[in-house]
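# What the coordinates show
The lines below spell out each chain.
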Amino acid sequence: MNDGPSALADPAEDTPLTRPFSGASPYEEYVHASVLNTLQQPLTEAADEMGFLVTTQVMELWFTLIVHEWRTAREAFVKDDLPAALDALVRSRRALSALNDSWQPIAALTPRQFEGFRTAFGRASGFQSAMYRHIEFLLGEKSQSLVNAHRGDPAVHEALRDAHREPSLYDEVLCFLHRQGLPVPAHVRERDVSLSYTSDPAVVELWRGVYAGSPYEAPAQLAEALTDIAELVARWRFDHLMVVRRAMGAKPGSGGTAGVAYLEQRARRVVFPELWEARGAL
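Since this is a predicted model, take the numbers as computed values, not measurements. Sequence positions are assigned chain by chain, starting from 1 and proceeding in written order. Residue-level local features of this predicted model are given only where pLDDT is at least 70; pairs of side-chain atoms are given and counted only at 80 or more, and the full residue set underlies all totals for whole chains, interfaces and linings. In computing side-chain values, all of the structure's heavy atoms are included and hydrogens and water are not.

## Observations regarding the packing of helix α3 (residues 49-78) against helix α4 (residues 82-101)
- Between the N-to-C directions of two axes lies an angle of 0 to 180 degrees, each axis being a line fitted to C-alpha atoms and, for a helix, fitted only over the stretch in contact. Put simply, DSSP marks the helices as runs of H or I at least four residues long and the strands as runs of E at least two long, and each gets a number from the N terminus on. Across the interface, α3 lies against α4 with an axial gap of 8 Å and an inter-helix angle of 165 degrees. With respect to each other, α3 and α4 are oriented roughly antiparallel. Crossing handedness for the pair α3 and α4: left-handed. Contact residues: Met59, Trp62, Phe63, Leu65, Ile66, Glu69, Trp70, Thr72, Ala73, Ala76 and Phe77 in α3; Leu82, Ala84, Ala85, Ala88, Leu89, Arg91, Ser92, Ala95, Leu96, Ala98 and Leu99 in α4.
- Under the scheme applied here, ten amino acids are nonpolar (Ala, Val, Leu, Ile, Met, Phe, Trp, Tyr, Cys and Pro), four are charged (Asp, Glu, Lys and Arg), and all others, including Gly, are polar. Residues belonging to the contact of α3 with α4 are distributed by class as follows: 18 nonpolar, two polar and two charged. We call two directions roughly parallel when the angle between them is under 35 degrees, roughly antiparallel when it is over 145, roughly perpendicular when it lies between 65 and 115, and oblique otherwise. In this scheme the crossing of two helices becomes right-handed for a clockwise turn of the near helix relative to the far one and left-handed for an anticlockwise turn of less than a right angle. By definition, residues are in contact when any of their heavy atoms lie within 4.5 Å.

This is how it looks when you write it as structure tokens:
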């Protein structure tokens, strides 16, 4: 029997911890944990499938938060509210860091462990994630054909179609900078935003000028916030590549892609390329 100060006392009957709830707990009503906890439905007896399923679902939640923060930042740029935009970008940076850490439960899957449940999910693939597509569209990586792939789900298709037609986060950054007096060319500001953004020499020069000035000026702080995001997205893509390479080698992906070869191609795509090119021009 332990009567010392380290003993855990049984809570008294009439405290917030023990007082009966009239229905579901306030925590449950707000978080809907019981709903979340019903969504894990493994299809095999493989010991590693539950971790794979939870990891994937957690990533979808992080995608949702990141999209929310980038949309918030985009709206703030439209309103010329740089402090609010930077706050949202900082929050998204933290969410991206958590997203990248989410790989850990499945980062060391061996081919044998992965094959223990891979066939059970058939043609399902992270490539088909609609929320990740929203992330790419907000980064300026647009694709009409990838919108069309979701025609069978009207609500998802409509949301992606709208996102495809909207300016990206970076489009609104450049329009904001133009209104602040920086020289963003008209052909960049007036481009067809349903097309993927490509690097422009004049915008590279704009960022070079920003970096050549004071690092304490608002444009420089914005440039570094965007660079942080670009780097974290690149790390997520590289970690994805490495997890897949470790678990299945060069086999084709379950969704019909080339697997590792496809992910290598995606990993080479540079987010906000002009910010990186400007560094070489200093």
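## Structural notes on empty space enclosed by the protein
- Grid points spaced at 1 Å over the protein atoms alone were grouped into cavities, where a 1.4 Å probe fits but cannot get out, and pockets, open sets with protein on both sides within 12 Å along at least five of seven lines, with lining residues defined by an atom within 4 Å of a point. Grid points are joined across faces, edges and corners, and a volume is the space filled by probe spheres set on the points. Using the criterion set out here, one finds two cavities of 30 Å³ or more in the structure.
- When its volume is computed, the largest cavity comes out at roughly 50 Å³.
- A class-by-class count of the residues in the lining of the largest cavity yields eight nonpolar, no polar and no charged.
- Roughly 40 Å³ of volume is contained in the second largest cavity.
- In this structure, the second largest cavity is lined by Arg71, Arg74, His134, Phe137, Leu138, Lys142, Ala163, Glu166, Pro167 and Ser168.
- For the lining of the second largest cavity, the element with the most residues is helix α6 (residues 130-138), which contributes three residues.
- Counted by class, the lining of the second largest cavity contains four nonpolar, two polar and four charged residues.

## Considering the UniProt feature "binding site: heme" (unreviewed entry) in the protein chain
- UniProt positions are given in the numbering used here, feature names are shortened, and annotations may be inferred rather than shown by experiment. Per the UniProt record, "binding site: heme" (unreviewed entry) is found at His240.
- Examined against the element boundaries, His240 turns out to sit in helix α12 (residues 218-248).
- Beyond its immediate stretch of four places on either side in the chain, His240 contacts Trp103 and Leu263.

## A few points about the UniProt feature "binding site: substrate" (unreviewed entry) in the protein chain
- Per the UniProt entry, the sites bearing "binding site: substrate" (unreviewed entry) are Arg118 in this numbering.
- Accessible area is worked out with a 1.4 Å probe on protein chains only. A residue is then buried under 20% of its type maximum, exposed over 50%, and partly exposed in between. What makes Arg118 buried here is its relative accessible area of 13%.

## Quick look at the nonpolar core
- We define a nonpolar core as any set of buried Ala, Val, Leu, Ile, Met, Phe, Trp, Tyr and Cys residues linked to one another through side-chain atoms lying within 4.5 Å. Core analysis: the biggest nonpolar cluster contains 62 residues, and Trp70, Phe77, Leu89, Leu177, Trp207 and Leu222 have the highest contact counts within it.
- If you list the elements that add at least two residues to this core, you get α3, α4, α6, α9 (169-179), α11 (201-212), α12, α13 (260-267) and α14 (273-280).
- Top element by residues in this core is α12. It accounts for 15 residues.
- Ranked by size, the runner-up nonpolar core spans five residues in total, among them Phe137, Val147, Leu160 and Ala163.

## Examining the side chain of Ser168
- By secondary structure assignment, the location of Ser168 is in the loop between α8 (154-165) and α9.
- Polar contacts, as counted here, are pairs of nitrogen or oxygen atoms within 3.5 Å of one another; within protein the pair requires one atom able to donate a hydrogen and one able to accept it, and residues that are adjacent in sequence qualify only if both atoms are side-chain atoms. Of note is the side chain of Ser168, whose polar atom sits 3.3 Å from the backbone nitrogen of Tyr170.
- Apart from the residues within four sequence positions on either side, Ser168 is in contact with Arg74, Phe137, Leu138, Leu139 and Gly140.

## Considerations on the packing of aromatic side chains
- To pair, rings of Phe, Tyr and Trp, with the six-membered ring standing in for Trp, must have centres within 6.5 Å; the planes then decide the type, stacked if under 30 degrees apart, edge-to-face if over 60, and tilted in the middle. Summed over all chains, the structure comprises 14 aromatic pairs.
- Ring centres 5.1 Å apart and planes at 50 degrees place the aromatic pair Phe52 and Phe117 in the tilted group. Of this pair, Phe52 sits in helix α3 while Phe117 sits in the loop between α5 (111-115) and α6, placing them 65 residues apart in sequence.
- On the basis of relative accessible area, Phe52 is assigned to the partly exposed category, the value being 21%.
- Their ring planes at 40 degrees and their centres at 5.4 Å tell us that Trp103 and Trp236 sit as a pair that is tilted. Taken together, the residues span a long stretch of sequence, with Trp103 in the loop between α4 and α5 and Trp236 in helix α12 at a distance of 133 residues.

## Quick word on the pattern of salt bridges
- Only one rule defines a salt bridge in this text: a Lys or Arg side-chain nitrogen within 4 Å of an Asp or Glu carboxyl oxygen. This model, assessed by the stated rule, comprises 17 salt bridges.
- For Arg237, the salt bridge is made with Glu136, and the minimal N-O distance between the two is 3.9 Å. With Arg237 in helix α12 and Glu136 in helix α6, this residue pair connects regions lying 101 residues apart in the sequence. Side by side, Arg237 and Glu136 carry an identical accessibility label, which is buried.
- When salt bridges that share partners are traced, they join Arg133, Glu136, Glu141, Arg237, Arg266 and Arg269 into one network.

## Describing α3
- In a helix, the anticipated span is given by 1.5 Å times the number of residues less one. With 30 residues, α3 should reach 44 Å at 1.5 Å per residue; the first-to-last C-alpha distance of 44 Å fits that figure.
- Looking at the buried residues of α3, the elements they touch are α4, α6, α9 and α12.
- A positive phi of about 60 degrees marks Asp80, the residue just after α3.

## Examining the layout of surface pockets
- By volume, the largest pocket amounts to about 980 Å³.
- As for the largest pocket, its lining consists of 40 residues, of which Phe52, Ser125, Gly126, Phe127 and His240 are closest to the centre.
- Of all the secondary structure elements, the ones that give two or more residues to the lining of the largest pocket are α3, α6, α12 and α13.
- The element that contributes the greatest number of residues to the lining of the largest pocket is α3, accounting for eight residues.
- For the lining of the largest pocket, the residue count by class is 22 nonpolar, eleven polar and seven charged.

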